[in-house]
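As a plain string of letters, each chain reads:
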Amino acid sequence: MNAKKILIIEDDLALGKTLRNVLKINDYEVDLAESGAEGIQKAYEYCPDLILCDINMKPIDGYQVYNILKDSALTSRIPFIFITGRSQLNDIRFGLELGVDDYIVKPFDNQDLLKSIKVRLEKYEKLVNIGKNDYKALLNLSPNGVFVFDGETIYETNQAFLNLLGLSEAEVKKISFNQLISDKEYQKVENKIMKCANGLLGNFREEIELKTASGTKEKFVLHVSPSQKYNGFTLLIGLLAPKEQEGESAQLEYKKLVNILEEEKIYISGNLANKLHQAFDASVAHSPHQQSTSTMVAKSVFSKREQEVLNLSCKGLPIKIIADQLSISDRTVEKHRASLMEKTGAKNIVEVIIYALKNDLVEI
Amino acid sequence: MEYSSDQNIGQIISSLSHELRTPLTILSSNLQLLKSSNQNLDPILRAETFQLCEEALTAVSRFLDDIHFINLSNKNELKQTPQDVDINQLIAKVLESKNTCFYNSNRIHVFSPSEALVFKTDETLLTKVITNLLSNAYKFSAKEIALRVSNGANQLNIEIQDQGVGIPADQIEFIFMPFYRCENVKMLSGTGLGLSVAQKAANCLNGEIIIDSTLSKGTTAKLKILSDER
């Protein structure tokens, strides 16, 4: 296992050296910063696993160091322990309120210090692992190809990426990104990738064409954004989304379905709705972005009564029964339905229901 | 040190606890390290551990010495025992003393009359003044430091000139106060007692220190001691 890296920020050089020696003897890798400013810089450069920081420093004190590091996504999650001569309860409370992980008061027992560090590191690792598992699950559920690379070498991919290209994990690691696409396609993105890697560009998207597992050339949208710094170079995250064509054809099929339902005058039963829901999910998955925005719009736009009418309509109940259940007149139910159609841009109530199912606005 | 107000006493106690805590922590932590893993320490690390302990001890004792000295002076119990002192020899001794921050430095240049300069004064007190002034010059500058010695009629002049950070004009009136530290040097470690001790020692020697400073250009400390023999 790699030694954990600890950054000590301490302006008293003798105490800094002492801490360093105590930690080194206990198999930690240690960096020493002699001022707040140097500490902030080193926190970014070396990405330590934990930071030990003195409070009483000039001109930048420990609280300021903490606040600055907390504001950055790169450093905010690093466990942070204050070392202080201030033993007053108020000071300790102030630090803990800020969100500092622990407090060590001078003079301290070496064992206490080591124990505190160990506990924080373990807790941090657990959190990271939970995050990692969630992240992996999400990545593998995604129908889009996701990959981590440094502009050339590909380090990690999700299953969808491998399926898309018809390559094994081992094969992907042997080739570099530019080998996946033609030289002409690579020229379109090369510059932007370099800029991303150098921090000159936040992110970009570009249409590219690449050879898929089936041997045909297909169009994709490539999204790239910087992820994290690792040993001095920046890792990038790439996302390959199929260019939306299937999405449109699914829409067409769906229109047909609605027409059939209309003509047959079929009320949607729970079972059928479920099936529709599932059928829809598959096509929706191609455009998750679109889905989320429309859901947001719809949720904020529907009134409480409209939502109730919608819920009952989804159960396939006729207008009369809906009116009875809500103790309102038939005409009022009609009015709400009309309003629902208007808001969802649907031509009839079946479309409204399907819209609602598609966007998870109702429970079946 | 003024003992008149509670606020002052509070400030003194807080300075005391702060100044003592760090060296005590260093001592405590290094001793624990030696005790728990003495066998496994490699020689370099062991040597450094002992050195850190020694330095911490020196810092504590010096701090207590300074406090004691200021206290004696405040109670007017400071006495000088004048005797004939070879000033050049005394300065050489100061520069060779191992317990100073400027030990072994090649930044300090001494300019003194070539013939032996003997002056009747208290050797210990004069050593204290020069050591403290040189420590400051060394600590607050990174360039060459000039130490000039001259004598007039019944008078000894020692001038220490650095090219360091300087003292802010609005703070120059406070610099002899115990524990006072200028805003521009607070990131450098120190107790704020050095100039206070130097001044009290100089006063006891029937002398005075005049500080002439320009921010970012440097500081000149002029020590003038009048001889008792007139």
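Figured I'd write up the structure that's included with this text. (Residues numbered from 1 in each chain as written. Chains lettered and ligands numbered in written order. Predicted model: local features only at pLDDT ≥ 70, side-chain atom pairs only at ≥ 80, totals over all residues. Heavy atoms only, no water.)

Residues and elements named next belong to chain B. Residues Phe119 and Thr121 point to one face of strand β3 (residues 118–121) and are all buried, whereas Val118 and Lys120, pointing to the other face, are not buried. Bridging between strand β1 (residues 83–86) and β3 involves 4 bridges; their strand directions are antiparallel. When the sheet's bridge partners are listed, Asp86 is paired in β3 with Val118. (Buried < 20%, exposed > 50% of the residue type's maximum accessible area, 1.4 Å probe, protein only. Helix = DSSP H or I, 4+ residues; strand = E, 2+ residues; numbered from the N terminus. Pairing = 2+ DSSP bridges.)

In this section: the sheet that holds strand β7 (residues 218–226) of chain B. Residues and elements named next belong to chain B. Strands sit in the order β2-β4-β5-β7-β6 across an open sheet of 5 strands; the sheet is mixed. The two strands at the open ends of the sheet, each matched to only one other strand, are β2 (108–111) and β6 (207–214). Averaged over all adjacent pairs, the angle separating strand axes in this sheet is 15°, with direction ignored. With 7 bridges joining them, strand β5 (residues 155–161) and β7 adopt antiparallel strand pairing. By the bridge assignment for β7, Leu156 is matched with Ile225. (Axes fitted to C-alpha atoms, helices over the stretch in contact; angles between N-to-C directions.)

Below, the discussion takes up the packing of helix α3 (residues 87–96) of chain B against helix α4 (residues 123–139) of chain B. Residue and element names in this part refer to chain B. Relative to each other, α3 and α4 sit at 50°, their axes nearing to 10 Å. By the angle class used here, α3 and α4 are oblique. When the axes of α3 and α4 are compared, the crossing they make is right-handed. Along the contact surface, α3 presents Ile87, Leu90, Ile91, Lys93, Val94 and Leu95, while α4 presents Glu123, Leu126, Thr127, Ile130, Thr131 and Leu134. A breakdown of the residues in the contact of α3 with α4 according to their chemical character gives 8 nonpolar, 2 polar and 2 charged. (Parallel < 35°, antiparallel > 145°, perpendicular 65-115°, else oblique. Left-handed = near helix turned anticlockwise from the far one by under 90°. Contact = heavy atoms within 4.5 Å. Nonpolar A, V, L, I, M, F, W, Y, C, P; charged D, E, K, R; others polar.)

Once that is clear, we can look at the pairing of β5 of chain B. All names here are of chain B. In terms of strand pairing, strand β4 (residues 145–152) meets β5 through 7 bridges, oriented antiparallel. Counted as the bridge partner of Asn151 is Leu156 from β5. Between the antiparallel neighbours β4 and β5 lie 2 residues, among them Asn154 with a positive phi of about 50°.

Here the distance between the centres and the angle between the planes together describe a pair of aromatic rings. Counted according to the given criterion, the structure contains 12 aromatic pairs over all chains. Aromatic pair Tyr66 of chain A and Phe80 of chain A: ring centres 4.9 Å apart, planes at 70°, arrangement edge-to-face. In this pair, Tyr66 of chain A is assigned in helix α3 (residues 62–70) and Phe80 of chain A in strand β4 (residues 80–84), connecting sequence segments 14 residues apart. Across the pair, exposure class does not vary: Tyr66 of chain A and Phe80 of chain A are buried alike. Here the aromatic cluster, defined as three or more aromatic residues joined through ring pairs, consists of Tyr63, Tyr66, Phe80, Phe82 and Tyr103 of chain A. Seen from the ring of Phe69 of chain B, Lys128 of chain B lies directly overhead, with NZ or CZ sitting 4.9 Å from the centre. (Phe/Tyr/Trp six-rings, centres within 6.5 Å; stacked < 30°, edge-to-face > 60°. Lys NZ or Arg CZ within 6 Å of the ring centre and 35° of its normal.)

What follows covers the pattern of salt bridges. In this structure the tally under the stated criterion is 13 salt bridges over all chains. Here Glu169 of chain A ties to Lys173 of chain A by a salt bridge, and the two come within 3.9 Å at their closest N and O atoms. Taken together, the positions of Glu169 of chain A and Lys173 of chain A, both in helix α7 (residues 169–174) and 4 residues apart, correspond to about one turn of that helix. For Lys173 of chain A, a relative accessible area of 45% translates into the label partly exposed. Two residues, Lys93 of chain B and Glu123 of chain B, come together in a salt bridge whose shortest N-O distance is 3.1 Å. Residue Lys93 of chain B is found in helix α3, and its partner Glu123 of chain B is found in helix α4; the two are separated by 30 residues along the sequence. A residue is classified by how much of its surface remains accessible, and Glu123 of chain B, at 28% relative accessible area, is partly exposed. (Salt bridge = Lys/Arg side-chain N within 4 Å of Asp/Glu carboxyl O.)

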